[in-house]
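Residue-level structure breakdown
Residue-level listing of the chains:
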Amino acid sequence: MLLFATVSLFVQAAQAPASGVEGGYKLPPPEVVEILDAPPTPGVQISPDARWMLLVERPSMPSIAEVARPWVGLAGVRIDPGNNGRHQVSFNRGLVLRDLAGKNERRVELPEGARVASVSWSHSSRSFAFTLVSDDSIDLWAGDVASGKARRLASGLSTVLGGFDWLSDGSRLLVRLVPAGRGPAPEVVRVPSGPVVQETSGKETPVRTYPDLLSSPHDERLFEHYATSQLAIVDPGAPAGESVARIGEPGLILGAEPSPDGLHLLVETLHRPFSYSLPLQRFPRRVEVWDLSGARVAAIAELPLGEAIPIEGVPTGPRDFRWKASDPATLVWVEALDGGDPRREAEFRDRWMALAAPFTGEPRQLLRTEHRARGLTWLADPAKVLASEYDRDRRWTRTLLVDLADSSAAPIVLEDRSVRDRYADQGRLVSEVTTQGARVLRQDGDWVYRAGEGDSEAGARPFLDRQNLRTLETERLWRCAPGSYERGAAIAISGADRKPSFVSIYESPDEAPNWRLRDLQDSSVLTLTAFPDPTPQLRGIQKQLVTYPRADGVQLSATLYLPKGYEPGARLPLVVWAYPLEYSDPATAGQVSGSPYRFIRFSGPSHLLFLTQGYAVLDGASMPVVGDPETMNDTFIEQIVASAKAAIDHAAALGVADPERAAVGGHSYGAFMTANLLAHCDLFKAGIARSGAYNRTLTPFGFQSERRTLWEAPQVYARLSPFFHAHTIDEPLLMIHGAMDSNPGTYPMQSERLYQAIQGHGGTARLVQLPAENHGYAARESVLHAMAEMIDWLDRHVKEGPPVEAGFSAGAR
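Worth saying up front: this structure is predicted, and the values here are computed from it rather than measured. (Residues numbered from 1 in each chain as written. Predicted model: local features only at pLDDT ≥ 70, side-chain atom pairs only at ≥ 80, totals over all residues. Heavy atoms only, no water.)

1. Some details on the overall build of the chain
- Helix and strand counts for the chain come out as ten helices and 48 strands.
- Principal-axis analysis of the C-alpha atoms gives the chain an extent of 75 × 75 × 60 Å.
- Taking all 813 residues of the chain together, 56% fall into the buried category.
- Sequence separation of at least 24 residues holds for 60% of the intrachain contacts in the chain that already meet a minimum separation of 6.
- Only carbon and sulfur atoms are counted for the fraction: they give 50% of the accessible area of the chain, which is about 33,600 Å². (Helix = DSSP H or I, 4+ residues; strand = E, 2+ residues; numbered from the N terminus. Buried < 20%, exposed > 50% of the residue type's maximum accessible area, 1.4 Å probe, protein only. Contact = heavy atoms within 4.5 Å. Areas by Shrake-Rupley, 256 points an atom, 1.4 Å probe, with all protein chains shown as cover.)

2. As for the packing of helix H2 (residues 30-37) against helix H10 (residues 780-799)
- In contact at an axis separation of 11 Å, H2 and H10 are set at 145 degrees when each is read in the N-to-C sense. By crossing handedness, the relation of H2 to H10 is classed as right-handed. In this structure, H2 contributes Val32, Val33, Leu36 and Asp37 to the contact, and H10 contributes Arg780, Val783, Leu784, Met787 and Ile791.
- Its residues placed into classes, the contact of H2 with H10 shows seven nonpolar, no polar and two charged. (Axes fitted to C-alpha atoms, helices over the stretch in contact; angles between N-to-C directions. Left-handed = near helix turned anticlockwise from the far one by under 90°. Nonpolar A, V, L, I, M, F, W, Y, C, P; charged D, E, K, R; others polar.)

3. Comments concerning the pattern of salt bridges
- This structure, assessed with the given rule, holds 53 salt bridges.
- In this structure, glutamate 57 engages arginine 107 in a salt bridge whose closest nitrogen and oxygen atoms are separated by 2.7 Å. Residue glutamate 57 is found in strand E2 (residues 52-57), and its partner arginine 107 is found in strand E7 (residues 105-107); the two are separated by 50 residues along the sequence.
- Owing to a relative accessible area of 24%, glutamate 57 belongs among the partly exposed residues under this scheme. (Salt bridge = Lys/Arg side-chain N within 4 Å of Asp/Glu carboxyl O.)

4. Notes on the sheet that holds E2
- Taken in spatial order, the four strands make up an open sheet running E1-E2-E6-E7, and their pairing is antiparallel. For this open sheet the edge positions go to strand E1 (43-46) and E7, each flanked by a neighbour on one side alone. Geometrically, the sheet is characterised by an average inter-axis angle of 20 degrees between neighbouring strands, direction not taken into account.
- In this structure, E1 lies alongside E2, joined through four bridges in antiparallel fashion. Counted as the bridge partner of isoleucine 46 is methionine 53 from E2. (Pairing = 2+ DSSP bridges.)

5. Focus on the packing of helix H6 (residues 636-653) against helix H7 (residues 669-680)
- With their axes 10 Å apart at the nearest point, H6 and H7 run at an angle of 85 degrees to one another. Of the possible angle classes, the one that applies to H6 and H7 is roughly perpendicular. Counting all contacts with H6, which are made through Phe636, Ile637, Ile640, Val641 and Ala644, the residues of H7 involved are Tyr669, Phe672, Met673, Asn676, Leu677 and His680. (Parallel < 35°, antiparallel > 145°, perpendicular 65-115°, else oblique.)

6. Topic: the sheet that holds strand E24 (residues 372-378)
- Taken in spatial order, the four strands make up an open sheet running E24-E25-E26-E27, and their pairing is antiparallel. Strands at the two margins of the open sheet, each flanked by one partner only, are E24 and strand E27 (412-418). Across the sheet, the mean angle from the axis of one strand to that of its neighbour is 15 degrees, orientation sign disregarded.
- In terms of strand pairing, E24 meets strand E25 (residues 384-391) through six bridges, oriented antiparallel. Each bridged residue has a counterpart across the sheet, and for leucine 376 the counterpart in E25 is alanine 387.

7. Brief notes about the pairing of strand E43 (residues 616-621)
- Burial analysis of E43 places five of its six residues in the buried class, which makes it a mostly covered element.
- The sheet contact formed by strand E40 (residues 555-562) and E43 spans three bridges and is antiparallel. Bridging from a neighbouring strand, leucine 560 pairs with leucine 618 of E43.

As structure tokens, this is what we get:
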């Protein structure tokens, strides 16, 4: 009880107004409230055999009471001490089962007030499982497709370190339970037994900032209490009272993955010594293979505390353990060949290793990668695999088809492009689930399938292709029609001698997203859902993709929105909303993303809601930072200012915006950008910065894509920190921050200190701290209050405020 009281008081304290000047939640204009309260269309999960769809119903927003539930932060995770799960603020509320033929639809009966969390189809497609969360328990339920009915299978799940998995038979499930007889949580020791001591001695351990870490021996005991779980197998077909079989001993089970043959478990457990500066993912761990009784079959690896990992590097020794999808029971993992250091010269950076059952021999090398390994995709043929790798120096990705049975055969290059090159993206390779629940590449003869966004200068037009692995020939099977947006979600039927049928999601600016079954063999289209427009009041908003050049020739783009009923020729106040991205070359920086033909729907504290108040909005305005990945931030300020000026100039040239009434805003790194723009130019009358970081000396071992440390580039960290330039922020700045922000680097203190600095220099700023909110804002009260603050701020300082002198002044202050 003492722990619960402590946590509760912690949350209550966080809810108090920061300054004591104002209290209570505000509401934005009624039309904004109505839009945000509109229920969203259900989520849809397609069964593996693409014969059934599960509609997952969800509310528009949770209440602040749900968001503010007590939690305790330990080892980098937030734990709900009442139900022994991760702290969760939003839940689904209903499930509806529907067949793709449109003949059967059944609502799954759930307890009144059910809070549905994880939902997962069995690979057999005969059933689905989900968890129901209450204040004091997490229960496992399963639904039967044939009857449409669901029942509870097990209570008292522990989901702090993971969820549940289907075994290879598709009927039984592997779960983690709160250990029987665990007892109460350790109580806080009121009289300290001594100081908390940490020591370092010569080893370089660069660590980026992490939230919610352990900080005392009491925290360590609490972490062990809540994170320790008991593995168990749940058999829905077993007699009553025998459906839950506990296996092995309780432990800090980080991972438990069933093998394709259903006879083994890959189990990873954490153990001491813990760290006060690293999250649990870097704690020491033990990797073992168990049988289904919980007996240890083989010890695979002992991994130390991951404290000496280079920035953007990887641990030395084995990592990323998994089962080979195309074998009954073969473990694969990757090992660094360069000491895990991306700056070290090496002919090969990684190698993939394998060890087959009974796991008693020496591991064998499968292949080596020239660059950092990103993953393996297995074909049904156990000798064939797709190996993906990433070249950090060039920001480049490559995928190779490797024949493991023929070491003399050169790998076949299937993809080789910049990770930012959207136009050259061939699409993701489509996979399928085997009868044992493993995921392999979907293949018909020599053909595999690719689905992609189809980005181009005209915007996205999603596509479905097939590619021949023998000839590398690519055939376009389908592409979204002009004037709409439709993307494939799952292939239903395919074959070497027929064109596939697939499930897709169709939408247009005036048509809500709905699901279709499109058969390319007979060119038929079957409408699967008819979700209504939740916000008809938004129809009539104008939306177009615009492109324009920056002064240095880099091409930029944005989506321009104009309010419903906009009269041509009217110059409106302008909101520019953006998020900077890094590029290695101007050509990829200038590429267009997104589609002007997507359905207009707003959720959360969206800047697009300014359209209801008579503003024009440039959404996703390009803010590329182009240059050498090692030094591109040397010109960050000049590049974002030039991009901002180009955006305003283009909107003004179109005749839709008043360049003297422009505002800028962004979230997270976009907030960082916003504060920098106000500090280094006079293009904007005001700004909105949400959940940002403004003093980069508080993230000294790198931030975003900055690879240098503070000590290697102190001038860059200082110049890019708006906190150091608070005296030049002479335009009004609204800062909003979740009081419980857990995003690394964006602690609420970042906003508090910038506000104090602006205040100290006589600037105009407002700091709004949303109680109990994280990096993003979830509660209805918080979302509506944030919108009220944003609208009021721009109405005061931009729409009706005094004119501002426009012009480029980077470096002039």
